[in-house]
Amino acid sequence: MDATLDTAPGSAPAVIDPAPVVAYPVVADPVVTEPVVTEPVLTEAVVADPVVATAVVAAATGVEARASAAAAGSAAGAGRVPAQASGRAAGPGADPAAGQVRELIAGARHRPVVTGLRLSAFGVHRSASFPLGPVTLLAGPSGSGKSQVLAAYAALAALGSGATLEEAFPDPAARVPERARPDAQQRRGFRIGCTVDGPAGPVRLDLAVQAEPALRIVGERLSQDGQVLLGTALRDPGRRSVQAAWLTGGAIGVTRAPLPDDRLGTALLPLRVAGSTVGQRQVLAAAEQVVVALRSVFPCDPRPERMRAPVPAGEGLLRGDCANLADVLRRTRHECGTRHALLSEAARTACAGPVAGLEVRAAGDGLLRAVLDRGDGRPATELGRLGSGELRFLALALVLLTGPGVLAMDPAAELLSAQQAMTVLADGLDRDMDRGQSAELLRLALLCCGRGHVRLAAAVGETTAATARGLAGVTVVDLSP
């Protein structure tokens, strides 16, 4: 199917029956075989923060320590737990916290996460499917569509968080495939989707968006195991709504109602569905799983030119451009000393010269300035004097180490943070960095993402991609123009 949207007036609307297989013409994609993405085995050694601390320190203290950390990481990934890190003790005197750790591990395996993206017609992509693992790196030459994959992911995340289409797609015409022909009503658009795995099992979300002449959703489908749980279709182009039908079960079968054509219907279902029947509970479980996964996304693109000046004291929530890095460092230094120490250790590996720590000082007029403590009575270095690669490294390392508690994002409040997995989207992860900095950031990403509470999807250059291809736990997706 071309990118032309087959929703002309008079076409058959989406139909949802109690039967498992349902015809749905609006966003019917070609069959795409998706590789199975296997999550790494989460063990106590991977979950425990001290292991991360040990590995980060080892990365800064020599080749032998690096090899030791890598061996420990390999053992943890294979399910072998070093005795000193497992938190278990033999006999009746076992550590009572061990049971809680194992419960967290079990919950981590069922965190809702996006395991695949589908770009059926989006920018340069046609009938494309992308598997997503704990660490996914997109590689390829300029123009191959790496940024567009991340843009589609970020747009779905925004819609899952309640954004309108206009907010999620500020330039929708740029997302329409270049050679897409308009239909008889001069309409063109694009189609994207994702698969979310979690407690409810794999759930598919597919979306058809009309970009011209007016931006609107013309079809949405939420499905599981071949059964459509929610389907929407544009029946009257003169109205700013779509006709929705979701599974109810019982004597009713389905419930039909209009939904706005500028918002994701899946995100609205928890407010519409009572959950009083088996069918409704199935719909709610699938919709909530998708929404939780999409709301746990943090697009991050550190902008060094915005990070050099002093910043006012605020809430300590890092923005996507990381311009308020000094304010967040002030907060982590006082509220989370362990993670701040880990960041300081990472800074020793990526910043030129000696680094004794990261500090924040008053710059006058209520402003804050972050500095590198050089130790031994040496003058501190303002972060504004660091290179662009150093600044980007520090910001991205902070994001990976801290999690949503200090990020300007809105994760689902209905679930504990231990039951959610944050996904960081980074376009140009290694931009401005040298080979050593990008390698250390990749090492840190593997350590943090191996614990299950953080995931990374990023576009990288060929040098970083070549390094990553030899690492276990990294999914490298090679794109070609």
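Fair warning: this is a prediction, and the values are worked out from it, not measured in the lab. (Residues numbered from 1 in each chain as written. Predicted model: local features only at pLDDT ≥ 70, side-chain atom pairs only at ≥ 80, totals over all residues. Heavy atoms only, no water.)

**Considerations on the overall build of the chain**
Along the chain, the regular secondary structure elements total 14 helices and 17 strands. Taking all 481 residues of the chain together, 51% fall into the buried category. As presented, the chain carries roughly 20,500 Å² of accessible surface, and 54% of it is formed by carbon and sulfur atoms. (Helix = DSSP H or I, 4+ residues; strand = E, 2+ residues; numbered from the N terminus. Buried < 20%, exposed > 50% of the residue type's maximum accessible area, 1.4 Å probe, protein only. Areas by Shrake-Rupley, 256 points an atom, 1.4 Å probe, with all protein chains shown as cover.)

**Things to note about the sheet that holds strand E1 (residues 113-122)**
Ordered in space as E2-E1-E4-E5-E6-E7-E8-E9, the eight strands form an open sheet in which the pairing is antiparallel. Where the open sheet ends on each side, the last strands, each with one partner, are strand E2 (125-131) and strand E9 (253-260). The mean inter-strand angle of the sheet, taken between neighbouring strand axes irrespective of direction, is 15°. Sheet analysis places E1 next to E2, joined by six bridges and oriented antiparallel. Within E2, the residue paired with Arg118 across the bridge is Ser129. Here helix H5 (residues 146-160) sits on the sheet in contact with E1, E2, strand E4 (188-197) and strand E5 (203-212), set at roughly 115° to E1. Contacting E1, E4, E5, strand E6 (216-224), strand E7 (227-233) and strand E8 (241-249), helix H8 (residues 278-295) crosses the sheet at an angle of about 125° to E8. (Pairing = 2+ DSSP bridges. Axes fitted to C-alpha atoms, helices over the stretch in contact; angles between N-to-C directions. Contact = heavy atoms within 4.5 Å.)

**As for the pairing of strand E3 (residues 135-139)**
Extensive coverage of E3 is indicated by the burial of five of its five residues. Residues Val135, Leu137 and Ala139 line one face of E3 and the alternating positions Thr136 and Leu138 line the opposite face, and both faces are buried. In the sheet, E3 pairs with strand E16 (residues 454-459) via four bridges, with the strands oriented parallel. The residue of E16 that forms the bridge with Thr136 is Ala457. Here E3 pairs with strand E17 (residues 474-478) via five bridges, running parallel. Bridged to Leu138 within E17 is Val477.

**Quick look at the confidence of the model for the chain**
The share of residues in the chain with pLDDT of 70 or more is 76%, and the mean pLDDT across the chain is 80. In this model, residues 1-98 is a region of pLDDT below 50 whose contacts with residues beyond four sequence positions or in other chains number 172 contacts. (pLDDT = per-residue confidence, 0-100.)

**Points about the environment of Leu159**
With respect to the helices and strands, Leu159 occurs in helix H5. Here the alpha-carbon distance between Leu159 and Leu294, two residues 135 residues apart in the chain, equals 8.1 Å. Once residues within four sequence positions are removed from consideration, Leu159 is found in contact with Thr164, Leu165, Ala168, Phe169, Leu207, Leu264 and Ala267.

**A few points about the sheet that holds strand E10 (residues 297-299)**
The strand order across the open sheet formed by five strands is E10-E15-E16-E3-E17, and the pairing between neighbours is parallel. Unpaired on one side and paired on the other, E10 and E17 mark the two borders of the sheet. On average, each strand axis in the sheet is tilted by 15° relative to the strand beside it, whichever way the strands run. Packed onto the sheet, helix H12 (residues 388-402) meets E10, strand E15 (422-427) and E16 and runs at close to 165° relative to E15.

**Overview of the packing of helix H10 (residues 325-335) against helix H11 (residues 337-350)**
When two helices pack together, their arrangement is given by the angle between the helix axes and the distance between those axes. In contact at an axis separation of 6 Å, H10 and H11 are set at 125° when each is read in the N-to-C sense. The orientation of H10 with respect to H11, classified from their angle, is oblique. Relative to H11, H10 is oriented so that their crossing is left-handed. Along its contact with H10, which presents Leu329, Thr332, Arg333 and Glu335, the element H11 presents Gly337, His340 and Leu343. Classifying every residue of the contact of H10 with H11 by side-chain character gives two nonpolar, three polar and two charged. (Parallel < 35°, antiparallel > 145°, perpendicular 65-115°, else oblique. Left-handed = near helix turned anticlockwise from the far one by under 90°. Nonpolar A, V, L, I, M, F, W, Y, C, P; charged D, E, K, R; others polar.)

**Let's talk about the pattern of salt bridges**
With the rule as written, the count across this model stands at 22 salt bridges. The residue Arg240 makes a salt bridge to Asp261 at a minimum N-O spacing of 2.7 Å. Taken as a pair, Arg240 in the loop between E7 and E8 and Asp261 in the loop between E9 and helix H7 (265-272) lie far apart in primary sequence, 21 residues in all. Residue Arg240 is classed as partly exposed on the basis of its relative accessible area of 48%. Across the pair Asp321 and Arg319 runs a salt bridge whose closest N-O atoms are separated by 3.8 Å. Residue class for Asp321 comes out buried when judged on its relative accessible area of 16%. Several salt bridges share partner residues, and in doing so they unite Arg118, Arg204, Asp206 and Arg221 into one network. (Salt bridge = Lys/Arg side-chain N within 4 Å of Asp/Glu carboxyl O.)

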